[in-house]
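Residues per chain are reported as follows:
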Amino acid sequence: MRPQVLIGDLLTAVRRLEIGDEAIRAGLASLVWPARFQRVRTNPDLVLDGAHNAASAAFLCRTVKRLYPGRRVIAVMGLGGDKDVEGFCRELAPALNAAIITRSKAMKAVNTARLREALAAFGIELFEEPDTGAALEHALRRASPSDLVLVTGSFYVISDAMKWLAGQSAKA
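None of the values given here were measured: they were computed from a predicted structure.

Undergrad: What exactly am I supposed to notice about the overall build of the protein here?
TA: Summing up its helical and strand segments, the protein has seven helices and six strands in all. Counting from the amino terminus, helix and strand elements in the protein follow one another as α-α-β-β-α-β-α-β-α-β-α-β-α. Considering only C-alpha atoms, the protein reaches an extent of 55 × 40 × 35 Å along its principal axes. Put simply, the protein has 172 residues, and 44% of those count as buried. Just so you have it, the protein exposes about 9700 Å², and 56% of that area is on carbon and sulfur atoms. Treating the 23 positive side-chain charges of the protein as one cloud and the 18 negative ones as another, the clouds have centres 1 Å apart.

Undergrad: Looking at this structure, how should I read the side chain of Thr112?
TA: Among the structural elements, Thr112 can be located in helix α5 (residues 112-120). Accessibility expressed as a relative area gives 12% for Thr112, which makes it buried. Each residue touching Thr112, except ones within four places of it in the same chain, is listed here: Ile101, Thr102, Arg103 and Glu128.

Undergrad: I keep staring at a nonpolar patch on the surface and nothing clicks. Help me out?
TA: A grouping of Leu28, Leu31 and Trp33 is seen on the molecular surface, where their side chains present a nonpolar patch of about 400 Å² in accessible area. If you trace the backbone, Trp33 turns up in the loop between α2 (21-29) and β1 (38-41).

Undergrad: Please explain helix α6 (residues 132-142) as it appears in this structure.
TA: For an α-helix, 3.6 residues make a turn, and residues three or four places apart therefore share a direction. The buried count for α6 comes to eight of 11 residues, which makes it a mostly enclosed element. Those residues of α6 that fall on the buried side of the exposure criterion are Thr132, Gly133, Ala134, Ala135, Leu136, His138, Ala139 and Leu140. With a side-chain oxygen positioned 3.1 Å from the backbone nitrogen of Gly133, the residue opening α6 is Asp131.

Undergrad: I keep staring at helix α7 (residues 155-171) and nothing clicks. Help me out?
TA: Compared with the 24 Å implied by 1.5 Å per residue over 17 residues, the 24 Å span of α7 between its first and last C-alpha is a close match. If you check which residues of α7 are buried, you get Val157, Ile158, Asp160, Ala161, Trp164 and Leu165. For α7, the angular spread of the buried residues around the axis is 160°, confining them to a single face. With respect to the buried face of α7, the exposed residues turned more than 90 degrees away are Lys163, Ser169 and Ala170. The backbone nitrogen of Tyr156 lies 2.9 Å from a side-chain oxygen of the residue at the head of α7, namely Ser154.

Undergrad: When you look at the nonpolar core in this model, what are you seeing that I'm missing?
TA: A general tendency of soluble globular proteins is for nonpolar side chains to be buried together. Met77, Phe88, Leu92, Leu96, Leu115, Leu119 and Leu150 are the most contacted members of the largest nonpolar core, which totals 27 residues. Where this core is concerned, the elements lending two or more residues are α3 (54-67), β3 (73-77), α4 (85-92), β4 (98-101), α5 and β6 (148-152). Sequence-distant contacts of Phe88, defined by excluding residues within four places in its chain, comprise Ala51, His52, Asn53, Ala54, Ala57, Met77, Leu79, Thr152 and Gly153. Residues Val76, Ala135, Trp164 and Leu165 belong to the second largest nonpolar core, which totals 22 residues.

Undergrad: It is not clear to me how the environment of Ala54 should be interpreted in this structure. Could you clarify?
TA: Topologically, Ala54 is positioned in helix α3. For the pair Ala54 and Cys89, spaced 35 residues apart in the sequence, the C-alpha separation amounts to 7.6 Å.

Definitions and cut-offs
Residues numbered from 1 in each chain as written. Predicted model: local features only at pLDDT ≥ 70, side-chain atom pairs only at ≥ 80, totals over all residues. Heavy atoms only, no water. Helix = DSSP H or I, 4+ residues; strand = E, 2+ residues; numbered from the N terminus. Buried < 20%, exposed > 50% of the residue type's maximum accessible area, 1.4 Å probe, protein only. Areas by Shrake-Rupley, 256 points an atom, 1.4 Å probe, with all protein chains shown as cover. Lys, Arg positive; Asp, Glu negative; His and termini not counted. Charge placed at Lys NZ, Arg CZ, Asp CG, Glu CD. Contact = heavy atoms within 4.5 Å. Patch = residues over 30% accessible without salt bridge, like charges linked within 9 Å, V, L, I, M, F, W, Y side chains within 5 Å. Salt bridge = Lys/Arg side-chain N within 4 Å of Asp/Glu carboxyl O. Polar contact = N/O pair within 3.5 Å; in protein donor to acceptor, adjacent residues only side chain to side chain. Expected span 1.5 Å × (residues − 1). Arc of directions from axis to C-beta. Core = buried A, V, L, I, M, F, W, Y, C linked by side-chain atoms within 4.5 Å.

Coordinates in, geometry out; function isn't part of it.
Structure follows, in structure tokens:
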């Protein structure tokens, strides 16, 4: 279902329940939607976004360009084997300076060679790591404090990143 339809249905329900504008604003201000442009770290900013198809990649590209204009963007990305890899890459690549290609072992992932091939035409730096933790370490080593490290392509990759980050916090 399209988000516009869901929002329209939600607004209709809210009006029928006579919920005031202030309560709506407060609710939206406190909304947390994990893995939807979720910033989990700063210096460099580390953002998790579960975009996994061409439409969500296009929206993510616009969001990155709007919120991080002129900033270097390093993506950690892995996609499921059933996804439109070329469409996803075509839509997201204009926002990227580099990509570290990886895969989650928890899903049937796309072959990393196919992902590399889909990104190669866009003139961004490409690297490959065997798992999400290694890819995140690589991205964070390459990043300066003003860069954006963006983890995307699959909720499985996001889950791997969250586990890796939790392990890093436990070590600190």
